[in-house]
Amino acid sequence: MIPFMYGTVVTKDFFCGRAEVILRINELLLSSQNVVLHGERRIGKSSLVVEVIRRQKAVTGIYVDLMEVKSEEDLFQRLARGVLAAKYKKSMFELLGKTLTNFKPQIGIDPITQLPTLSIDSKIKIEDNSIDAIFNSIVEINKKQRVSVFVDEFQDVLKIKEHRPLLAKLRSKIQYISDISFVYAGSIRSQMEQIFADIDSPFFKSAIPITVGPIEHDLLTEFIKARFKIGKRNISEKIIEKIFTITDMITGDIQQVCEAIWSTSSHGDEITNDSFYKAVELIFSHENVVYQRIFGELTGFQLKVLKGVAQYGGREIYSNNFFEKNGFTNASSVKRAIDKLIKVKILFIYKKEYKFANPFFKLWLLKNYT
Ligand SMILES: Nc1ncnc2c1ncn2[C@@H]1O[C@H](COP(=O)(O)OP(=O)(O)OP(=O)(O)O)[C@@H](O)[C@H]1O
Ligand SMILES: [Mg+2]
């Protein structure tokens, strides 16, 4: 068994820390408040949501993922599927079948548990009154078994062409269900802000914001040591610190390095600096095609600006010092390059600092081109 997982939601033994934020979310769920979880990419929002649902006994979680949602119809289908997929008591089965009749739920049997399941046919046409049907159904279910609704990648609702009237419609429904908590999670900070912090948005201040940040430093250190111990590998705090620094404490990236160290080391090994660099090389080799493509798509000047940010940091890129070190003379051309690098999502801005979306690409640039 590989004790590190990345790129998927992690729960149970793979899930570390976050006790405080889980407690806080649970409190809010129990008092039927709406919550919005903000956080950087790969920091662990989805895992947190799924783990909250898994641990929660008093409230059943309905999980809906809106990643790349295409249309209003697609959104309602996902919502209906989420409603049907939640974990209900056996006695709820009949009610569920009845309550979503518009969606013509099909009865099946789970091959593993042999319990009955309900699913909907993706070809079912969603009628105009479907939104009422789904929300009524959630209200009916909640009368018998308390539920809360978790909507992941909520910002993708903005990808739907007619999202404004849709958001208004959703908001007006949600606002009347005051005894059910809605939890929204999303990654793209500015877009989540557009939904929850823009005064003209129907969702303006409609949920209590919680920031999902890095996992507690000491807890994560102990967690990583213990996971390596499972396969009789020893890792020092110094190396762990190095992993934290290069990944800027982004949870998913930390796990990616640990997984690479794991797969380039053996039973009984002491993890050294060499093992660390071997692991980073492995990541480079996996991601090399992507790096080359990015490289090929940028102009010489954009690359020069990018290397400057890799080498000297992205905090003061318009300072004389940064210009001198990189030989830049024209602020507007640097700004244009930065705008482009943000647009293609190579860089992002966080607390006035330009950062690499992929820390390994930054290391690769530093190694090969500076
Ligand atoms: N509590 C945790 N303990 C250990 N590792 C975690 C934890 N949460 C997340 N991770 C690691 O981070 C990775 C990304 O987690 P997750 O998909 O939950 O993040 P996310 O913020 O939802 O990401 P995205 O922005 O891509 O949606 C996981 O695959 C796992 O490696
Ligand atoms: Mg996620």
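Quick notes on the rules
- Residues numbered from 1 in each chain as written.
- Chains lettered and ligands numbered in written order.
- Predicted model: local features only at pLDDT ≥ 70, side-chain atom pairs only at ≥ 80, totals over all residues.
- Heavy atoms only, no water.
- Near = heavy atom within 4 Å.
- Polar contact = N/O pair within 3.5 Å; in protein donor to acceptor, adjacent residues only side chain to side chain.
- Helix = DSSP H or I, 4+ residues; strand = E, 2+ residues; numbered from the N terminus.
- Nonpolar A, V, L, I, M, F, W, Y, C, P; charged D, E, K, R; others polar.
- Domains from an automatic or database assignment.
- Contact = heavy atoms within 4.5 Å.
- Buried area = accessible area lost by both parts, 1.4 Å probe.
- Salt bridge = Lys/Arg side-chain N within 4 Å of Asp/Glu carboxyl O.
- Pairing = 2+ DSSP bridges.
- Axes fitted to C-alpha atoms, helices over the stretch in contact; angles between N-to-C directions.
- Buried < 20%, exposed > 50% of the residue type's maximum accessible area, 1.4 Å probe, protein only.
- Parallel < 35°, antiparallel > 145°, perpendicular 65-115°, else oblique.
- Left-handed = near helix turned anticlockwise from the far one by under 90°.
- Core = buried A, V, L, I, M, F, W, Y, C linked by side-chain atoms within 4.5 Å.
- Phe/Tyr/Trp six-rings, centres within 6.5 Å; stacked < 30°, edge-to-face > 60°.
- Lys NZ or Arg CZ within 6 Å of the ring centre and 35° of its normal.
- Disulfide = S-S within 2.5 Å.

1. Quick notes on the site of ligand 1
The environment of ligand 1 is formed by 22 residues, the closest being M5, T8, C16, K45 and S47. A distance of 2.8 Å is found between a nitrogen atom of ligand 1 and a backbone nitrogen or oxygen belonging to C16. Contact between ligand 1 and S47: an oxygen atom at 2.6 Å from a side-chain N or O atom of the residue. Of all the elements in the fold, those that place two or more residues in the shell around ligand 1 are α2 (45–55) and α10 (251–263). Class assignment of the residues belonging to the shell around ligand 1 gives a composition of eight nonpolar, nine polar and five charged. Inspection of the shell around ligand 1 shows a minimum of three residues originating in each of domain 1 (18–211) and domain 2 (217–369).

2. Some points on the domain arrangement of the protein chain
Think of interface size as the accessible area that goes away when the parts come together; that is how it is often given. By the assigned domains, the protein chain splits into domain 1 (18–211) and domain 2 (217–369). Look at where the C-alpha atoms of domain 1 and domain 2 centre, and you get two points 34 Å apart. Across the contact, six residues belong to domain 1 and nine residues belong to domain 2. Taken together, both faces of the contact between domain 1 and domain 2 bury some 590 Å²; the carbon and sulfur share is 49%. For domain 1, the biggest contributors to the area lost against domain 2 are E40, R42 and I43; these three give 77% of the whole. On the surface where domain 1 and domain 2 come into contact, there are one salt bridge. When the shortest N-O distance is used, the salt bridge between D253 and R42 registers 2.8 Å. Our enumeration of links across domain 1 and domain 2 arrives at four residue pairs in polar contact (both at pLDDT 80 or more). When the residues that make up the side of domain 1 that touches domain 2 are grouped by side-chain class, the tally is one nonpolar, no polar and five charged.

3. Digging into the sheet that holds strand β6 (residues 182–186)
With parallel pairing, the five strands of this open sheet are ordered in space as β2-β5-β6-β1-β7. Among the strands making up the open sheet, the edge pair consists of β2 (60–65) and β7 (208–211). Sheet twist, expressed as the mean angle between neighbouring strand axes with direction ignored, is 20°.

4. Section: the side chain of Q145
Mapped onto the fold, Q145 is located in the loop between α5 (130–144) and β5 (147–152). Among the residues examined, Q145 registers a relative accessible area of 7% and is labelled buried.

5. A few points about the packing of helix α9 (residues 237–247) against α10
Contact geometry for α9 and α10: axes closest at 9 Å, N-to-C directions at 135°. The orientation of α9 relative to α10 falls into the category oblique. Between α9 and α10 lies a crossing whose hand is right-handed. Taken together, the residues of α10 that come into contact with α9 (itself represented by I243, F244, I246 and T247) are D253, I254, V257, C258 and I261. Its residues assigned to classes, the contact of α9 with α10 comprises seven nonpolar, one polar and one charged.

6. Quick look at the nonpolar core
Core analysis: the largest hydrophobic core is formed by 50 residues, its most contacted members being L220, I224, I235, I261, L306 and F361. Considering each element in turn, this core owes the most residues, eight residues, to helix α11 (residues 273–297). Contacts of I224, omitting those with residues within four sequence positions, involve F4, I235, I240, F244, I254 and C258. Core analysis: the next-biggest nonpolar cluster, separate from the first, contains 42 residues, L96, I131, V151 and F182 among them.

7. Structural notes on the packing of aromatic side chains
Following the criterion strictly, the structure yields 22 aromatic pairs and no others. On the basis of an interplanar angle of 40° and a centroid distance of 5.2 Å, the ring pair of Y291 and F361 is categorised as tilted. Taken together, the positions of Y291 in helix α11 and F361 in helix α15 (residues 359–369) put the pair 70 residues apart, joining distant regions of the chain. Pair check on accessibility: Y291 and F361 agree, each one buried. Every member of this aromatic cluster is reached through a ring pair, and the members are F135, F154, F182, Y184, F196 and F203. The side chain of R227 reaches across the aromatic face of F14, ending 4.7 Å from its centre. A cation over a ring is seen here: R233 above W262, with NZ or CZ 3.7 Å from the ring centre.

8. Points about the state of the cysteines
Summed over the entire model, instances satisfying the criterion amount to zero disulfides. C16 carries a free sulfur, and the closest cysteine sulfur to it, the one in C258, is 11 Å from it. Assessed through its relative accessible area of 7%, C16 is described here as buried.

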